[in-house]
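# Analysis of the macromolecular model
Chain residues, written in single-letter form:
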Amino acid sequence: MAGTQTQEETFTLDEILSSLKTVHRLILWNDEVNTFDHVIYCLMKYLDYSENQADKIAWTVHNEGKCAILEGSLTEMEVYRKILKQEGLTVSVD
């Protein structure tokens, strides 16, 4: 099979360890853009939190700078990250 090339993929140790993790967390970060009401609305609409739970999360983010708001598979966290990012929230997956 002349001319066939195999491309080697290289991964960093962090990438490998991250891929082995079964539980990933969606982190909501504090920002100067979103109002408490918008954050609470998004948490209730997309993550099915009660108003009381969403309010507590919003205050945690405000006071501590961030809060883990969901745990699950990497794929699932990426889906929610994209949804919340489209709503303007500052989120990342850990």
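Heads up: these notes are all about the structure in this document. (Residues numbered from 1 in each chain as written. Predicted model: local features only at pLDDT ≥ 70, side-chain atom pairs only at ≥ 80, totals over all residues. Heavy atoms only, no water.)

Our next topic: the overall build of the protein. Along the protein, the regular secondary structure elements total four helices and three strands. Listing each helix as α and each strand as β along the protein from the N terminus yields α-β-α-α-β-α-β. Per-residue burial over the protein gives 24% buried out of 94 residues. Of the accessible surface of the protein, which amounts to about 6900 Å², a share of 51% is contributed by carbon and sulfur atoms. (Helix = DSSP H or I, 4+ residues; strand = E, 2+ residues; numbered from the N terminus. Buried < 20%, exposed > 50% of the residue type's maximum accessible area, 1.4 Å probe, protein only. Areas by Shrake-Rupley, 256 points an atom, 1.4 Å probe, with all protein chains shown as cover.)

So, on to the side chain of D31. Mapped onto the elements of the fold, D31 is located in the loop between β1 (24-29) and α2 (36-47). Buried charged residue D31 carries no salt bridge. Nearest counter-charge: K85, at 12 Å. Within polar-contact distance, the side chain of D31 engages the backbone nitrogen of V33 at 3.1 Å. Engagement of the side chain of D31 in a polar contact is seen with the side chain of N34, the distance being 2.9 Å. Ignoring sequence-local partners within four residues, the contact set of D31 consists of G88 and T90. (Lys, Arg positive; Asp, Glu negative; His and termini not counted. Salt bridge = Lys/Arg side-chain N within 4 Å of Asp/Glu carboxyl O. Polar contact = N/O pair within 3.5 Å; in protein donor to acceptor, adjacent residues only side chain to side chain. Contact = heavy atoms within 4.5 Å.)

Attention shifts here to the pattern of salt bridges. Close approach of charged atoms lets side chains of opposite charge pair. For the structure on display, the rule yields two salt bridges. With a closest N to O distance of 2.7 Å, D94 and R25 form a salt bridge. With D94 in the segment after β3 (91-93) and R25 in strand β1, this residue pair connects regions lying 69 residues apart in the sequence. Residue classification places D94 among the partly exposed residues on the basis of a relative accessible area of 38%. Among the residues examined, R25 registers a relative accessible area of 30% and is labelled partly exposed. We note a salt bridge from R81 to E78, for which the minimum N-O separation is 2.9 Å. You can see R81 and its partner E78 sitting in helix α4 (residues 74-86), three residues apart, about one turn around the helix. For E78, a relative accessible area of 25% gives the class partly exposed.

This part is about the packing of α2 against α4. In a pair of packed helices, the angle between the axes and the distance between the axes together describe the arrangement. Running from N to C, α2 and α4 point in directions that differ by 140 degrees, and their axes come no closer than 11 Å. Our classification of the angle between α2 and α4 gives oblique. Helix-helix and strand crossings are classified by hand; for α2 and α4 the assignment is right-handed. Of the residues in α4, those touching α2 at C42, Y46 and L47 are Y80, I83 and L84. (Axes fitted to C-alpha atoms, helices over the stretch in contact; angles between N-to-C directions. Parallel < 35°, antiparallel > 145°, perpendicular 65-115°, else oblique. Left-handed = near helix turned anticlockwise from the far one by under 90°.)

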